[in-house]
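Chain and residue survey
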Amino acid sequence: MQHVLKLGRIIDLYALDARLNQLVADVPPGGSKDRFRPQVMDILKETMAAGRREAEAMLRADGSGLTCAMRLSGQMDGIISALFRYATRHVYPSDNPSSGERIAVVAVGGYGRGTLAPGSDIDLLFLLPWKQTPWGEQVIEFILYMLWDLGLKVGHATRSLDDSIRMAKSDITVRTAILEARLILGDAGVFETLKTRFDLEVVKGTGTEFIHAKLTERDQRHSRQGESRYLVEPNIKESKGGLRDLQTLFWISKYYYRVHTGQELVAAGVFQQDEYVRFKKAEDFLWAVRCHMHFHTGKAEERLSFDIQREIAHRLGYRETPGMSAVERFMKHYFLVAKDVGDLTRILCSALEEVQAKDVPGLNRIFSSFSRRRKKIAGHPDFVIEHHRINIADDQAFARDPVNLIRLFHLVDRLGLEFHPDAMRAVTRSLRLIGPDMRNDPEANRLFIEIMASENNAELSLRRMNEAGVLGRFVPEFGRIVAMMQFNMYHHYTVDEHLLRCIGVLSGIEKGTIAKDHPLAAILLPSLKSERKLLYIALFIHDIAKGQPEDHSIAGAAIARKLCPRFGLSLGETETVAWLVEEHLTMSMVAQSRDLNDRKTILDFAEKVQTLDRLKMLLVLTVCDIRAVGPGVWNGWKGQLLRTLFYETEIFLTGGFSELPRKERTDHARQTLANALTSWSAEERTKLAALHYQNYLLTVSLDDQIRHAEFIRTADRSGRKLDTMVKTHAFEGITEITVLAPDHPRLLSIIAGACAAAGANIVDAQIFTTMDGRALDTILISREFDMDEDETRRAKSVSRMIEDGLSGKVRMPDMLAKRAKPRRGSHTFRIEPRVDINNTLSNKFTVIEIEGLDRPGLLSEITASISALNLDIASAHVTTFGEKVIDVFYVTDLTGAKINAPQRQSAITKKLTALFPAALSAASDLKVLTQ
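Sequence order sets the numbering: in each chain, residues are counted from 1 along the sequence as written. This being a predicted model, a pLDDT of at least 70 is required before a residue's local features are given, and a value of 80 or more before pairs of side-chain atoms are given or counted; all residues contribute to the totals for chains, interfaces and linings. Excluded from the side-chain calculation are hydrogens and water; included are all heavy atoms of the structure.

Helix numbers and strand numbers start at the N terminus; a helix is a DSSP run of H or I with at least 4 residues, a strand a run of E with at least 2. Check the secondary structure of the protein and you find 42 helices and 16 strands. We call two residues in contact whenever any of their non-hydrogen atoms come within 4.5 Å of each other. Put simply, 70% of the contacts in the protein that link residues at least 6 apart link residues at least 24 apart. Computed by Shrake-Rupley with a 1.4 Å probe, the accessible areas treat only the displayed protein chains as cover when residues are assessed. Of the roughly 39,400 Å² of accessible surface on the protein, 52% is carried by carbon and sulfur atoms.

The 8 strands lie next to each other as β9-β10-β12-β11-β15-β16-β14-β13, forming an open sheet whose pairing is antiparallel. At either margin of the open sheet sits one strand with a lone partner, and together these are β9 (723-729) and β13 (834-838). Averaged over all pairs of adjacent strands, the angle between strand axes in this sheet comes to 15°, irrespective of strand direction. Bridge count for β9 against strand β10 (residues 734-742) is 7 bridges, and the pairing is antiparallel. When DSSP finds at least two bridges between two strands, those strands are taken to pair. A fitted line through C-alpha atoms serves as each axis, taken over the contacting stretch for helices, and the angle formed by two N-to-C directions is quoted from 0 to 180°.

Quick reminder: α-helices carry 3.6 residues per turn. Residues three or four places apart thus point the same way. Categorising residues by exposure relies on relative accessible area from a 1.4 Å probe, with only protein chains included: less than 20% of the type maximum marks a residue as buried, more than 50% marks it as exposed, and the intermediate range marks it as partly exposed. Among all positions of helix α7 (residues 161-170), only L161, S164, I165 and A168 are buried. In an axial view of α7, the angular spread of the buried residues amounts to 95°, which keeps them on one side of the axis. Buried residues belonging to α7 abut β2 (122-128), β3 (154-160), α8 (172-179) and α9 (188-203). The arc in question is the one spanned by the directions pointing from the helix axis to the C-beta atoms.

Definition of nonpolar core: a set of buried residues of the types Ala, Val, Leu, Ile, Met, Phe, Trp, Tyr and Cys, connected through side-chain atoms within 4.5 Å. In terms of nonpolar packing, the biggest core is built from 204 residues, with L124, I406, F448, F478, I541, V577 and L619 touching the most fellow members. In this structure F478 touches N466, L471, D496, L499, L500, F540 and I544, once residues within four positions along its chain are discounted. Counting 44 residues, the second-largest nonpolar core is a separate cluster that includes L748, I848, V891 and F916.

What follows deals with the sheet that holds β3. Sheet architecture is open: 4 strands sit in the order β3-β2-β1-β4, paired in mixed fashion. On the outer flanks of this sheet lie β3 and β4 (182-186), each paired with one strand and no other. Shown here is a sheet whose adjacent strand axes are inclined to one another by a mean of 25°, direction ignored. Across 7 bridges, β2 lies against β3 in parallel orientation. In the sheet register, F126 faces β3, and the bridge partner there is T158. Where helix α4 (residues 65-91) meets the sheet, it contacts β1 (104-107), β2 and β4, and its direction lies at approximately 30° from that of β4. Packed onto the sheet, α9 meets β1, β2 and β4 and runs at close to 100° relative to β2.

As a further point, take the packing of aromatic side chains. Within 6.5 Å between ring centres, the rings of Phe, Tyr and Trp (the latter by its six-membered ring) count as paired, and their orientation is classed by plane angle as stacked under 30 degrees, edge-to-face over 60, tilted in between. For the structure shown, the criterion picks out 17 aromatic pairs. Ring geometry for Y256 versus Y257: centroids 5.5 Å apart, planes at 75°, classification edge-to-face. By relative accessible area, which is 24% here, Y256 ends up partly exposed. Judged by its relative accessible area of 18%, Y257 is buried. Consider the rings of F448 and F567, whose centres lie 5.6 Å apart with planes at 50°: the pair is tilted. Linking F448 in helix α20 (residues 442-452) with F567 in the loop between α27 (552-566) and α28 (571-582), this pair joins segments that are 119 residues apart in sequence. Per residue, the accessibility class of F448 equals that of F567, and both read buried.

Spelled out as structure tokens, the structure:
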């Protein structure tokens, strides 16, 4: 009781007992007191709610998550104690209890540690000396039903001493729960017997078995949550580096070293004092985040999603700084804490290895015995091999030559061995040796670049350097982006994790493991042998300036010019890397948001690239960059766009671009189409070939022209004025829907609305008009199903919805309102809308680029507004980056001319910007919030 009061008086146990006793004060002996159950429930609810309000207020005031968790645990102890006393004194009194009518109410699991989050489960063990009695069953049932009626999630078991020991021997979950057992109230003798028997009959001699089970359980959990601890929406409890990992550390320590507190691990030599301080800080921070999450959401929310990150950052007191928002600063702190948890795990595993005499499968280490057999490494006297792992020869290896901090990772990569855990622990404690002299050491930089461009496993080596803290110290510019996240739905990982994954993607393409997904990059890489090192360095650097106020591409190029000479690159090589860094987004943006059939697009891009080697390197870098953003970001359609842009630009750079006048090329294309329709009559061929305008004939492939011709002829013969055709593209990951319909200004708007209502995501649209006044529009939507049969059925369903919308069978606003759901993040993210009108990107069209917060039906609204502005859309290109959309339209006025008048451009900008009122309002709110 004193323990509860000492932590902040969120519950007064004496007052609670007094109120419950007062309820039954006037009931004569032998009278039924169970009729006061509703009043008891009211008192408990009031007490619990008041206590939680107080706990939340105290958490906001003192910021201690661990203390908050202890306060809430203490409050729950009080409520359960009051219930037990009320039940045994007033509801089911036993004046002369038998020896079998003894109950110990025991907290187990997380609750057993004396910590609870607001939404945590309450794990209870009702411990009996022997088998259950009718009286005990009544008391336990009363307590459980009252706790359930309080809205608590209660995990419970009623077991005898013998049953508890028997189950602990066979069930690792039960064993872990009892390991954390803590007596709340009841028969202390029974509980002490459990502890003694558990220690002697279960724990003794089973340390290796328990470690193996818990680490296997941890690895499975990591696999479910995502192997990286740098996922930008982590599970605070279950993800790598989260609370469960800390708890696993303590479980293993407590079980193996037979300790009861974390401080005892210092005495046992497992942790140094500063490492134990890191343990406590990590635990306190993670508990603070978790408790705030539960308080804010009103439920047991464990996923630190974008929807709540901003509020949690605000609760924890983070503020905005130049280049980083408050939420990004908070999440960086979170990921650094997760990294600390990884360091502590590695240190504990090292200590365990030293004291064990057997293999521990699951520690991911190989040690068949622990005799200190050592093998020297030729030419490297500071290192030895112990049981297939590289270790330092003595404690002064790094002090003698700080370059050894890089050389260790180089040797591990070259020899294909593992690190000895002692070596990794020594690395962590020697980071202060990495200073300016070592950073500028030619040998250190040579070794580092060889690691980065290794043909073995560069990503793994760099990740280990990063985990150990070496990478951020050796390249301080990289250290600034370690654990940095970007608050958007597009990037799945922290910046440093993304860069390391880029290295892994390039290595995977080189080795052929993912070459089939990136055929062009795989073909190009062998021709870039002399530039191979430059590609790896460019990938390592390309996002290194994220978080700075200026454009990260320009700032990154400046960093490249500073770092590359240090890395041993020549002036020319340095400029190549700097150019790649500065232009690393260019090819992706041109491919996804420009009309690749427009000659001016290719000319402008070729002028920027200038050489074929640069084009090849930029293609490979772009592929790796997009692929490493996160699962599902790369798809075949993006690959197809990049390949198209590459091949079109290659033709220009190698002098193969046709200089024939457009009229001659058009006439040739028209005749080629007519000649290809071999099974048609001469009249039909001539009529069909004359149906298309110049733009169609010069931009659509002959195969597609033939397919469209058959489609149009079939529709005409059946008398269908409105028709659709579906074609799936498995490798590109898109499905093509071709629409033939009478042309009218709102056609694309209705098509886009129908797709939105059907949940189909449009990625591109090509709009053509035939000579007889019909529209032949091709819409590309993201593929949803793996099997062509399933995808075809789904696409035909979308097509029917398009036909219903165009034929007037359904009103598009009604369909959208019924089917479209708000996109996740619509109330979380703030994107200032932007409308840019450009007449230099195309010789024939005005290009309108619209950027803003995405939502269902947005494309339909935009195209409707463009039509209302009396503009003709020639092509539309839709690019989505998480919650942000960039829609690009190639348009003319109704006479086919560009939009040049400033007043007209201003009117277009104003009308399109007005489609994002919510975003403008949210942006204003954000300014107020962060001032």
